[in-house]
Amino acid sequence: MDLSPRPISVSINNGNLKLNQNEVEENLTDGVSTKVIRSNKRAFEKVLDESRVSSPKKVPRIEIDDVSDLKKYRDICENIKRKKKEHQQKNELRHATFKSERRFQRLLKAKEDLIGCLEQRISELEEGSKDSDVSTPITKLLETIKKLEAENEELKLKMIDTEFKLKRYMKDCERFESLYSNRTSLGLTVFDGNAVPSVQGTTTDIAKLKSIFSLTETKLKQLQKEKEELHLKLSESESNRMIEEKRFIEEKHFLKNEFLDEQIKYTEHLARCKPLIVVEKKVVSQVDEVTVKTVQDTLNNLTNDYHCVKNLITQISSTIKIETEETTRKIQKAISEVDSRNKELVHRYTNEVQLRKLYHNQLVELRGNIRVYCRVRPPIKEDEEVDSVVSFDTYDDGIINITSKGKTQQFHFDKVFPMDASQLQVFDEVRSLVRSAIDGFHVCIFAYGQTGSGKTYTMEGTVSDPGVNQRALSYLFEEAQNTVWQYEIEASMLEIYNETIRDLLDADCEDKNKLEIKMKPEGGLYVPGLIATSVKSLDEVNEIFETGRRNRATAKTMMNERSSRSHCLLLLSIVGVNTITGNKTFGRLNLVDLAGSERTSKTQVEGTRLQEAKHINKSLSCLGDVINALKNKHSHVPYRNSKLTYFLQESLDGDSKTLMILQISPVEKNVSESIFTLNFGQRGMSAELGAATKKMEDGKGTPSSSRRPNCETPKSPGTSLTPSNRTPNFPKTVSVPSKLSVRYK
Ligand SMILES: Nc1ncnc2c1ncn2[C@@H]1O[C@H](COP(=O)(O)OP(=O)(O)OP(=O)(O)O)[C@@H](O)[C@H]1O
């Protein structure tokens, strides 16, 4: 092995220190033989081991190309050892400080316990003797203790600070330590003989290291000084604390003595009072014994009573429960029995009602009674009230009840329409009569009732919901589609206004007043000059209605926004021809919307409206007279007393199927008028007109009629018509295709 001196390059790869070539040369000038290196091997190994122990993961890798002098290394090792020793001393110091701190903490805890005991004692003392004032010295004592505690706290903080600084210093030491350990391993590498010569400069790094050392040294000194000062302060505070503790103990003794004095006094007092207390206790116990016994007895009695009553109640409630269940079951059974019987009765009653109706209708047909329907309109704004005075029968649709001044009257009619009945429902009941008109009967349907009771609504209806008139015509057109029979329908429309007849289809108003009802020599009534328009479609019908509505006299009254001031008659002639046999039928359908009766005092009309009302009332009273005469089978029926009755003669004298629709208002304020209307209808119902005949002629033009047998027809002198001469008698018309209307002279 070549051991001749050579330049050295030292590099510590972990980056803590790097010495360049110059620094190495400066430090290693002596030249050391391998022997020396070998003799120091143990020492270097030890240093390296220590370095490994202190930082096991940081094994320094040092390469030295050549070693000329290891003296410096030895010095460094010595230095490290010294630093280590210092470090150990610091550690010991720290340990001692920590120990003293713990002792101090223990002392502090003991002091706190002592204070707690003292406070407890003081409160006991305060309770035992309220008179002796011990609070002032104790408060002072507590204040002093608090002060001491604050000082201690401050000291503690300072100690923590010092500790922090110490830690920093320790870190620095460790850094240097590792640095020197690296250097030590350099020596080991040389001893292993694996060094590869390559020298670099290191002098500057060593100088830097030196300056760091000196800086750290100064800092350490400073810290030591601070620590000494702190220790001084700590010992000062400790001695203060000792003094305070001493004072505290003295105070405690003093208080304890005082407490003992008080206790002695109290014991003496107690000894004096004891005999008295014994006597008092004896008296109290004697009194208590008697009272408690009495109360106990009462309580026992009450408890017994309570249990008895409770048992009784339980028994009663269970009995009641059983009884109630039994009764409920019986009631339910009875109810269900009654209910099923009721249902059966209702069923039988409904059947009876239907049967009665059937017979009644047959009788009406045979006797030729006026059929009477009654319709109740819903409340309107003019009523100014909504409560209804009318009620209906659930099982019989022919009964209506009306209540006035607490008295309820019942009326029977062929059919009663409640407030919610629709226009279609009404027409469905009218349909069979319209069918009769198609079959060759004379049919008259008129609406009767007080002003504003809904007559026009039922007969005309509205555009969106038409009434009997338009529905009847639609039905006629539907039925006219029959392939065997061909029908020709003609319509006239007139009004009786202030006892004059006005043609509502005539645009020339001046001409209207000249119309009169005439009797033909062969019998039968007609109105010369009245326009009869042939209608073939619903559109034409609507046109007629529109014209009629325009020309009709209406006005606003208190009872009705648009009151009809006249009686309006829609006259339809239906001539049917059987295309096979040539047989002809001559049906007639008169649809009459009467003007409403009104009490002029109530409606407060005047001028023209008053005149109109008078005429309306007069003609309606004439109608009443006619009905009365018919009902009582008078030999004279006063048809000619008004234009209306004269016009209705043919419908009422027995050869016609007549339906009267009574209109009433549901509200209280109109109740007397409603009752009047219902009475009027009732009279009309009982009038027997005789069975109607079907007007027809065979293919050869011979008139024939089909009157039902056993039917009497009341006759009125001068106007009675035989079946043979009653066809077709009103008015005679000819269709003009271009204008669809013609006037008769
Ligand atoms: N069934 C009903 N449903 C709804 N509204 C109705 C009904 N009946 C009548 N009315 C309304 O009541 C008001 C009076 O009806 P309407 O004009 O038909 O009475 P009226 O008996 O013809 O009266 P007047 O004799 O004065 O001409 C109208 O506003 C009408 O729309």
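Residues numbered from 1 in each chain as written. Predicted model: local features only at pLDDT ≥ 70, side-chain atom pairs only at ≥ 80, totals over all residues. Heavy atoms only, no water.

Per an unreviewed UniProt entry, the chain goes by Kinesin-like protein and derives from Biomphalaria pfeifferi. Under the heading Sequence similarities (unreviewed entry), UniProt records this for the chain: "Belongs to the TRAFAC class myosin-kinesin ATPase superfamily. Kinesin family." (UniProt positions renumbered as here; feature names shortened; annotations may be inferred.)

Draft legend 1. Spotlight on the pattern of salt bridges. Under the criterion given, the structure shown has 25 salt bridges. Measuring nitrogen to oxygen at the nearest pair gives 2.7 Å for the salt bridge that ties Glu-245 to Arg-241. Residue Glu-245 and its partner Arg-241 are located together in helix α6 (residues 203–367), separated by four residues, close to a single helical turn. Exposure remark for Arg-241: the relative accessible area of 1% places this residue in the buried category. Note that Glu-650 is salt-bridged to Arg-588, the shortest N-O span being 3.8 Å. Within this pair, whereas Glu-650 is found in helix α13 (residues 643–652), its partner Arg-588 is found in strand β18 (residues 584–593), the two being separated by 62 residues in sequence. For Glu-650, a relative accessible area of 8% puts it in the buried group. (Salt bridge = Lys/Arg side-chain N within 4 Å of Asp/Glu carboxyl O. Helix = DSSP H or I, 4+ residues; strand = E, 2+ residues; numbered from the N terminus. Buried < 20%, exposed > 50% of the residue type's maximum accessible area, 1.4 Å probe, protein only.)

Draft legend 2. Structural detail: helix α12 (residues 608–631). Under the 1.5 Å per step criterion, the end-to-end length of α12 is 34 Å for 24 residues, consistent within 8% with the ideal 34 Å. Residues of α12 that are buried include every one of Glu-612, Ala-613, Ile-616, Ser-619, Leu-620, Cys-622, Leu-623, Gly-624, Val-626, Ile-627, Ala-629 and Leu-630, and no others. Where α12 ends, the next residue or the one after it, Lys-633, has phi of about 55 degrees, a positive value. (Expected span 1.5 Å × (residues − 1).)

Draft legend 3. Spatial organisation of a nonpolar patch on the surface. Taken together, the side chains of Leu-312, Ile-316 and Ile-320 define a hydrophobic patch exposed on the protein surface, amounting to about 280 Å² of accessible area. Assignment of secondary structure puts Leu-312 in helix α6. (Patch = residues over 30% accessible without salt bridge, like charges linked within 9 Å, V, L, I, M, F, W, Y side chains within 5 Å. Areas by Shrake-Rupley, 256 points an atom, 1.4 Å probe, with all protein chains shown as cover.)

Draft legend 4. Structural context of the side chain of Lys-415. Topologically, Lys-415 is positioned in strand β8 (residues 415–417). Note on Lys-415: relative accessible area 14%, which makes it buried. If we skip the residues at most four places from it in the chain, Lys-415 touches Val-372, Tyr-373, Cys-374, Asp-397, Gly-398 and Glu-429. (Contact = heavy atoms within 4.5 Å.)

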